[in-house]
Amino acid sequence: MRHRAFTLVELLVVIGIIAVLLGILLPTIAGSRRSAVRVQCASNLRQQVMTMHVYANEHRGFLPRYDPFLLPPAATSTDTGANSIDLANAWYDAMLTRYKQPHDLLFCPDATDELKSRKYNLFSYIIAGYSHWVPRRDADLMYPPAETVGAYLVNGSDPIQGPVRLGDRLAKTNPVLSDSVLVIKERVVDPTSYNLATAPQSDFQIDLSHHLHRGRLTGANLAWIDGHVEWRPPRELKLRYLSQNSWNCW
């Protein structure tokens, strides 16, 4: 009894069908992964906001700024940088030791392994995985700036800081945390017309910016002190202020 083998044409047809199915399924799988990252990212932000509430309840309603063991506004500190991702080491330590939060909670799942592996670095402060908009002091300046102080405010005269205390007016309009979106300052010619929706990936500090896909920014999570988190598409995000190296965005 002879067994009929597949012909070359039949094999090519099967391979072609498999290739078509893979072409259909792979984008769906990739899209599902990106959605899962966004959901996990939003969960991280909510948990950090809850920790901020615990801190505020222990400190007369003040949200953590640059040193969780000193109360603003009397305290001063120089152990932070000018970017929204720069935080005092003391806040990082407090999150992990005092409030028992896991290290990965402070970083977007989309963050690079190199960034997640950092604790202390060459500077006297920690580079966090998310942008913190609660103001902190850097020498004689407060960042993010409430008004133009050596930095360009894109959204007019409205302050871009997050709230300082629970119940502040800014608590309703400005986030306290967001995904890190940093644009290289040399890439921006006119900040008032810069479009984050069409900006190429090369404009971003890729190692510090999240949710980039196929050469574009897909959006960012923004977290408010009341605990809700919103996903904003790039067209709704803006350059907010210019630090020494980058435009900080939400």
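So, here's what we can say about the structure. (Residues numbered from 1 in each chain as written. Predicted model: local features only at pLDDT ≥ 70, side-chain atom pairs only at ≥ 80, totals over all residues. Heavy atoms only, no water.)

## Here's the deal with the sheet that holds strand β11 (residues 229-232)
In any sheet, the strands associate via hydrogen bonds between backbone groups, in a parallel or an antiparallel arrangement. Taken together, four strands build an open sheet; the order of strands is β3-β6-β10-β11 and the sheet is antiparallel. Of all strands in the sheet, those bounded by a partner on one side alone are β3 (130-132) and β11. Pairs of neighbouring strands in the sheet enclose a mean axial angle of 20°, with direction left out of account. Where strand β6 (residues 177-179) lies against strand β10 (residues 220-223), two bridges are found, and the strand directions are antiparallel. Residue Ser178 lies in a different strand from β10, and its bridge partner there is Leu222. (Pairing = 2+ DSSP bridges. Helix = DSSP H or I, 4+ residues; strand = E, 2+ residues; numbered from the N terminus. Axes fitted to C-alpha atoms, helices over the stretch in contact; angles between N-to-C directions.)

## Considering a nonpolar patch on the surface
A contiguous nonpolar surface patch, about 270 Å² in accessible area, is contributed by Val9, Val13 and Ile17. Structurally, Ile17 is set in helix α1 (residues 8-58). (Patch = residues over 30% accessible without salt bridge, like charges linked within 9 Å, V, L, I, M, F, W, Y side chains within 5 Å. Areas by Shrake-Rupley, 256 points an atom, 1.4 Å probe, with all protein chains shown as cover. Salt bridge = Lys/Arg side-chain N within 4 Å of Asp/Glu carboxyl O.)

## Here we look at empty space enclosed by the protein
The gaps left among the atoms become clear once a water-sized probe is rolled over them. Under the counting rule described, the total for this entry stands at one cavity of 30 Å³ or more. Of the voids in this model, the largest cavity is the one considered here, and its volume is about 70 Å³. In terms of lining residues, the largest cavity is bounded by Gln48, Leu87, Trp91, Tyr92, Met95, Leu106, Phe107, Ile126, Ala128 and His132. When residues in the lining of the largest cavity are grouped by element, the largest group, three residues, is from helix α2 (residues 89-98). Its residues assigned to classes, the lining of the largest cavity comprises eight nonpolar, two polar and no charged. (1 Å grid on protein atoms, 1.4 Å probe; cavity = no way out; pocket = protein on both sides within 12 Å on 5 of 7 lines; lining within 4 Å. Points joined across faces, edges and corners; volume = space filled by probe spheres on them. Nonpolar A, V, L, I, M, F, W, Y, C, P; charged D, E, K, R; others polar.)

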